[in-house]
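Now for the letters of each chain:
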Amino acid sequence: MIGTRPAGQHTVRQHNAALVLGAIADGPGTSRAGLSAATGLTKATVSSVVDRLLGADLVAEGEPERRVGPGRRGTVVSLSPTGPHGLGIEIGVDYLASCLVDLTGTVRAEEVRYADNRTPRVFQRVSAFLRKARKQAEALGVPVAGVGVAVPGVVESSSGLVRLAPNLGWRDVDLADRLGETFTVANEANFAALAELWHGSALPDFVHVSGEIGIGAGIVLDRALFEGVRGAGGEIGHLPVAPDGPPCSCGANGCLERMAGQEEILRLAGAETVDDLISALESGSEAAVVAVATAAGHLGVGLSTVVNLMDVPAVVLGGTYARLEPWLREPLLAELERRVPSTAWSPVRLVRSSLGTRAAVRGAAGAVIRAVLADPEHYLTTHWPSDQDARGR
Ligand SMILES: [Zn+2]
């Protein structure tokens, strides 16, 4: 990323700030001497960087837990609990969710509001919801470093434009323009996969799939999200699993989403809601068990394509699929075993996500924090333009 140009003063500062803050994030409660050892920077450089981070409340000083040996008692530094927070907003088809996280990724406030968002009034609604979330941050006395917005659609990574969100009826929607603010916009399934990477099962390579009204998936390879060339990659909801099957909302036929999405499972099971479906499954209803097994078969066909193509060793079930996991597991694994040759020596790991239905909004908030941690210098210069004043402390 730094390229082949000689490193300028700013690049060095940027690099050192990221290095020191990263070491503090990895080892909270470390002394300046410890940070110097961890980063390979001189103590003087570490001290100068830490002072700047202290000035912007990115880190906070505390007393060491115990004194080791005689001599000067050094203070230790950790990420500041009152420092910049990330705000996540999720625009679901039938709800809005918000989530405020601190620098460690801990959730400080969250809110869900149920309403059908398939209306032109959705933008006013999001705007009001966003204001309310900002007020929550204000009440906690913490600054918001940025806002991540999760949407159920295809987002162009270069422009942040929502190219298509069929379940909301959106095409080429510029949220920044509509709401008069800059955001980090991404597909909800991608944010959910990132939340799983940061706070979930700690696997480095997996495909995260969650089934609600649509089927969202995010592929993580070597701890990084695979987005494809333009940001539309990993959209497995429209993989054909029954090419001559019933029409899908996208215009094609027999897509995975159409064959194994929540609405199709409920229809096959004759259930109104997911709660009803779970009760039916628990009481052993054959229609419910068959409906889930049928969906699991289609899901296995779709996922086998992903596993065969990408050689990804694990599947994480999120959202509604996490709740259905006890009934999905066996038929899904059987289908994968049948269709993925490598399972003969290396079975696909099937994991149930522990993050529940709020993974996407948590990922949206976390993305803001990750950006601050990856480039604190950018945060310092944009949010603390006068941080020169803080350097003398
Ligand atoms: Zn489709």
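For the structure, check the block above.
Residues numbered from 1 in each chain as written. Predicted model: local features only at pLDDT ≥ 70, side-chain atom pairs only at ≥ 80, totals over all residues. Heavy atoms only, no water.

Colleague: Please explain the coordination of the zinc ion as it appears in this structure.
Modeller: Six octahedral donors around a metal ideally sit at 90 or 180 degrees from one another, while four tetrahedral donors ideally sit at 109.5 degrees. Binding of the zinc ion to the protein goes through His238 (ND1), Cys248 (SG), Cys250 (SG) and Cys255 (SG), at separations of 2.0 to 2.3 Å. Taken together, the 4 donor atoms coordinating the zinc ion and their angles of 105 to 117° define a geometry best described as tetrahedral. The sequence pattern describing where the donors of the zinc ion fall on their chain is H-x9-C-x1-C-x4-C. With His238 in the loop between β14 (224–226) and α7 (256–260) and Cys255 in the loop between β14 and α7, this pair connects stretches of sequence that are 17 residues apart. Among the residues examined, His238 registers a relative accessible area of 27% and is labelled partly exposed. Accessibility expressed as a relative area gives 2% for Cys255, which makes it buried. (Donors = N, O, S within 2.8 Å, 3.2 Å for Na, K, Ca; no water. Tetrahedral: all angles 85-135°; square planar, octahedral: opposite > 155°, others 65-115°. Helix = DSSP H or I, 4+ residues; strand = E, 2+ residues; numbered from the N terminus. Buried < 20%, exposed > 50% of the residue type's maximum accessible area, 1.4 Å probe, protein only.)

Colleague: Quick question: what am I supposed to make of the environment of Pro331 here?
Modeller: Inspection of the secondary structure puts Pro331 in helix α11 (residues 319–339). Taking relative accessible area as the criterion, Pro331 reaches 23% and is therefore assigned partly exposed. Spatially, the C-alpha atoms of Pro331 and Leu350 are 12 Å apart, while their sequence positions differ by 19 residues. Leave out the neighbours within four places in its chain, and Pro331 touches Ala293 and Ala296. (Contact = heavy atoms within 4.5 Å.)

Colleague: What should I look at first to understand the nonpolar core in this one?
Modeller: Where a protein is soluble and globular, its nonpolar side chains tend to be buried together. The biggest cluster of nonpolar side chains holds 40 residues, and the ones touching the most others in it are Val209, Leu277, Leu303, Leu317 and Tyr321. When contributions to this core are tallied by element, the ones reaching two or more residues are β12 (206–211), β13 (215–221), α7, α8 (262–269), α9 (274–282), α10 (286–310), β15 (314–318) and α11. Ranked by residues supplied to this core, first place goes to α10 with 10 residues. When near neighbours in sequence (up to four residues on either side) are disregarded, Leu317 contacts Val209, Leu299, Ala322, Glu325, Leu328, Leu332, Leu350, Val351, Arg352 and Ser353. Among the nonpolar cores identified, the runner-up in size contains 31 residues, and Ile24, Ala56, Val77 and Leu103 belong to it. (Core = buried A, V, L, I, M, F, W, Y, C linked by side-chain atoms within 4.5 Å.)

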